[in-house]
Structure formats: C-alpha cells, structure tokens
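Listed here are the chains, written in short residue letters.
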Amino acid sequence: MKNLQTLNLLPILALANLFAQISGSVSLRPVLTGPDKAYLRSRVVFRCITPDSSPPVTYELIKDGGLLIDRRVDHQEDQPASFPLTVATTSDGSYYCKAKTGEATGISNSIRLIVVSPASFTSVTSEPFPPVTFEGSRIVLSCEVIKGSHLSYTWFFNRKEVTSSTSSLLHATGNKLVMEKVTPRHAGYYYCMAWSSVQDIRRFSSSTEVKVEVKVHVSTPRISFYIFKEGDSYYGNVTCWSSRGTPPVNFSLSVDDREVESVTATESLAAWFLVAIVPGLDMGEARCRVKNEVQELMSEPVTLEVVPVGGDVKVEVEHLYTADSKLAAARLSCQISKGTFPYVSWLLNDTALPPETHVDSHIQPVLSHYAFANRRRTLILAKLGPEESGYYRCRARDSYDDSGAWVESVAILVRVTGERIKTRQNP
C-alpha cells in the first residue's frame, strides 16, 4: 500500500518541477530609471533595462492607470530602452516599465514624477492693505504668484534677506511674513522671491518692493501761550504740541469747552492759534485736543489770564560754596510779586547788564564772570572780585509791551572782600 502511494506522487512531483523550471525561465526583472521631478515643458528621459535578458526585448513605458506612453524594441543585449518625454501638466504621476521577450514578461519598479511649474508674476499683498498701521499692531505680508507650483519663498527687508536672526518679531511661514507688535524699526521696503529647484537648477521670480509704514502713537498734548501787542490790541498765541507721534494729526483749541478752531498738522506735531486777550481779565480756560485715526487726547487746561507786572520787586542774594566750604559764587534773584510775562533787566551801579538788546534765554552768558538763568530772573556772579562789587537792582516790565513802565527794586550793595560777601540794602 505504501509503495502504491509513492508511485502515485511521482507524476505530481514531476509536474511541479517542470512548472518551476518554466516559471524561472519566463521571469524578467526590468529596472526603470528617470527623474522624480522636472520643470514644465522641459525634456526628460526614462530608461528601462532588463539585465541578463536575451534580445529582442520589447519595452513599454506605462503611466499609472495603464496609459501606454511609448514602446521600444531592444535588439542588443543589456542595452536600455530610452523614452524621451516633453513634460506637460498631465505628465505628473507614476511610471513603470513592462518588458517582454518571447513568453517571458516582467514589471519594473515605479517612479513618481512631479511636474514643477516655475513661478511667474510674483507680487506682495498685505493685511491690512495698504500696509500702514500703528506701532504694536500686526502686519501679514503674503507672497502671491499667478503661476507656479512646489515653491519656496525668501523675504527681503531693505534689500537684506530676512532670517530668523533678523528680528524676533519677524516670522516667515510658507508664503507669509508675519510681523507681530511692529515698531518703527520695521518700517521700510519689503519684497519676496518665489523659487523652485529641480536637480540643482533654480528658477525664481521676484516681486516689486512694498513700503511698510509704522505710525507712532501720539502723546498727550501740551498747551502754552504768550501774548503780543498789535496796534492797540493784544493777542494770545496759543501753542498745542505733542512730543511724539506720526503726522498728520488734527489739533483743535477749545475755550470754556467751546471749540475755537481746528487745524491739521501734516509735517509737524504742533499747531498755533490766535485768541484775543485783554490784560488783567480772565479770558477763559483753554485746552488742546489731538486726534488721529485711533486716538483722541486732551491736554491739561490753562487759564488765559495775563496779569500785568506790578507790586513789589526785590533782590535776594544767596552765597554758593565749594565742597571744601570756600566761597565760589553769588546768586541774585529778582522776586516779582505780580506779572505773568515779565521782562527782567539787571543793573550794576545804574548800568544795564547786559545791554537791553540782548535776547533772553533759559541760561544766557553775559560776560565771563556774569550769567543769567531762569529767564533773566537770576543773575549769577561766577567771579568774585572788586569789579563785581557795587549796587545791584532789578527791574521788570511786561514783555509784550516795550513802552510799558518799569517796576524797580531797591538797590542792594554787594561788596566782595577776600572770601566774604557783604550785602546791604541801599537806604
């Protein structure tokens, strides 16, 4: 029985061995080579070869979906079949090669071809548009192309490439450049470059420059005024100004909560208004308002009242010493009891110091040993010697009326002896 079973298996084993021999003889292993990326309208070549095959070998280049691209017959042993291809938009996809010789066939590896379209008509768009905003806001620039695929992007700020080290507030992601909490340092010119690379061949398209403007928030306005005389009338020149901000801004002047005038400052952060003034009368409470697209701020109030110079005027003397207690200088102050805009003149032995034609300033040198301060209300004797001894007095009048009467102090005798100053009021 056992021998009978063995005899029955012999034909089956023989058939299996024959099938294995036939299968081994008809199995082909073609290899496909070619690009995995190519520019649109460029020329590429796929090559298919079947090692150790007997010619003739028929090769077919097939695209995914079973689309036959081309067929070649190789009559030489171990020679590849070439399939030149002009790349079109429809060329994107997977390719494989089918080889056949006699009854033997084989399928090659697959190559995925990516079709790259070069960038063209590149431009920069912005959010907000136009790219003008206030400090602390957010600006997003986008690099847009009409045509192009598989692109990378490079940004430039004032003709320099933007990198991660350029600014912590600049962040490039995809085709966008994001600026968080912008400052005036981010104002300038930006452009982008859209580019692609295939086998170390780079093609790019650049946009034109776009100007980014960053406006500075306007500061709280300040207000001041001075008075001048024109004919028999007096006028107040009211100045409204802000220390920081980006023009244009609108300034308006209100007196007793009633708007008097409004102007737009286009090149500066200051405006001037004329109002009628009557010396000795309270003309009301004035305030400045400044406005831009996002802000509206008010100044502190100022009373439009001009008190004429009058009352008592006197001179006070203060001695100034060095760190080692040596007498160094003397400071004479002119104390005026009344007057909003006084003009002060100093006299030594009835001679004006300096001549009345000198223009006043906050600190004004007179000679090497004299100096004015505090709008001429203070006279500093920087040198102490016999020349500085004498009778000092100050006088004041209204600065807006050159013909006005002077109000004078009594003379103070200042006598310098060695390292001591003696003062005495002139009787």
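Described in the following lines is the structure provided in the data block. What you see is a predicted model; the values in this text were computed from it and never measured.

**Focus on the overall build of the protein chain**
- From N to C terminus, the protein chain includes one helix and 37 strands.
- When each of the 427 residues of the protein chain is scored for burial, the buried share is 41%.
- Carbon together with sulfur atoms contributes 51% to the accessible area of the protein chain, which is approximately 24500 Å² in total.

**Considerations on the sheet that holds strand E1 (residues 31–33)**
- Pairing in this open sheet of three strands is antiparallel, and the strands run E1-E3-E6 from one edge to the other. A strand with exactly one partner marks an edge of an open sheet, and here the two such strands are E1 and strand E6 (81–86). The sheet shows a mean angle of 20° between the axes of neighbouring strands, direction not considered.
- With three bridges joining them, E1 and strand E3 (residues 43–49) adopt antiparallel strand pairing. Within E3, the position partnered with Val 31 by the bridge is Ile 49.

**Here's the deal with the state of the cysteines**
- Applying the stated rule across the entire model yields four disulfides.
- The disulfide bridge from Cys 48 ends at Cys 97, spanning 2.0 Å between sulfur atoms. One quick way to see it: the torsion about the S-S bond of Cys 48 and Cys 97 is about -95°, and its sign makes the bridge left-handed. Of this pair, Cys 48 sits in strand E3 while Cys 97 sits in strand E7 (residues 93–101), and the two are 49 residues apart along the sequence.
- When its relative accessible area of 0% is taken as the criterion, Cys 97 is described as buried.
- Two residues share a disulfide in this structure: Cys 334 and Cys 394, whose sulfurs sit 2.0 Å from each other. When the S-S torsion is 75°, as for the bridge of Cys 334 with Cys 394, the disulfide is right-handed. With Cys 334 in strand E28 (residues 327–338) and Cys 394 in strand E34 (residues 390–398), this residue pair connects regions lying 60 residues apart in the sequence. Cys 394 matches Cys 334 in its accessibility class, with the two residues each being buried.

**Brief notes about the nonpolar core**
- Core analysis: the largest hydrophobic core is formed by 24 residues, its most contacted members being Val 238, Phe 251, Leu 253 and Leu 304.
- Those elements giving two or more residues to this core turn out to be strand E19 (222–230), strand E20 (233–241), strand E21 (249–255), strand E23 (270–277) and strand E24 (282–291).
- Setting aside chain neighbours within four positions, we find Val 238 in contact with Ile 223, Ser 224, Phe 225, Leu 253, Ala 271, Trp 272, Phe 273, Val 275 and Leu 304.

**Topic: the packing of aromatic side chains**
- Counted according to the given criterion, the structure contains eight aromatic pairs.
- Through pairs of rings, three or more aromatic residues link up here, namely Tyr 226, Phe 228 and Tyr 235.
- Across from the ring centre of Trp 195, 3.7 Å away, lies the NZ or CZ of Arg 202, which sits over that ring.
- Stacked on the ring of Trp 406, the Lys or Arg Arg 395 has its end atom at 4.3 Å from the ring centre.

Thresholds applied
- Residues numbered from 1 in each chain as written.
- Predicted model: local features only at pLDDT ≥ 70, side-chain atom pairs only at ≥ 80, totals over all residues.
- Heavy atoms only, no water.
- Helix = DSSP H or I, 4+ residues; strand = E, 2+ residues; numbered from the N terminus.
- Buried < 20%, exposed > 50% of the residue type's maximum accessible area, 1.4 Å probe, protein only.
- Areas by Shrake-Rupley, 256 points an atom, 1.4 Å probe, with all protein chains shown as cover.
- Pairing = 2+ DSSP bridges.
- Axes fitted to C-alpha atoms, helices over the stretch in contact; angles between N-to-C directions.
- Disulfide = S-S within 2.5 Å.
- Core = buried A, V, L, I, M, F, W, Y, C linked by side-chain atoms within 4.5 Å.
- Contact = heavy atoms within 4.5 Å.
- Phe/Tyr/Trp six-rings, centres within 6.5 Å; stacked < 30°, edge-to-face > 60°.
- Lys NZ or Arg CZ within 6 Å of the ring centre and 35° of its normal.

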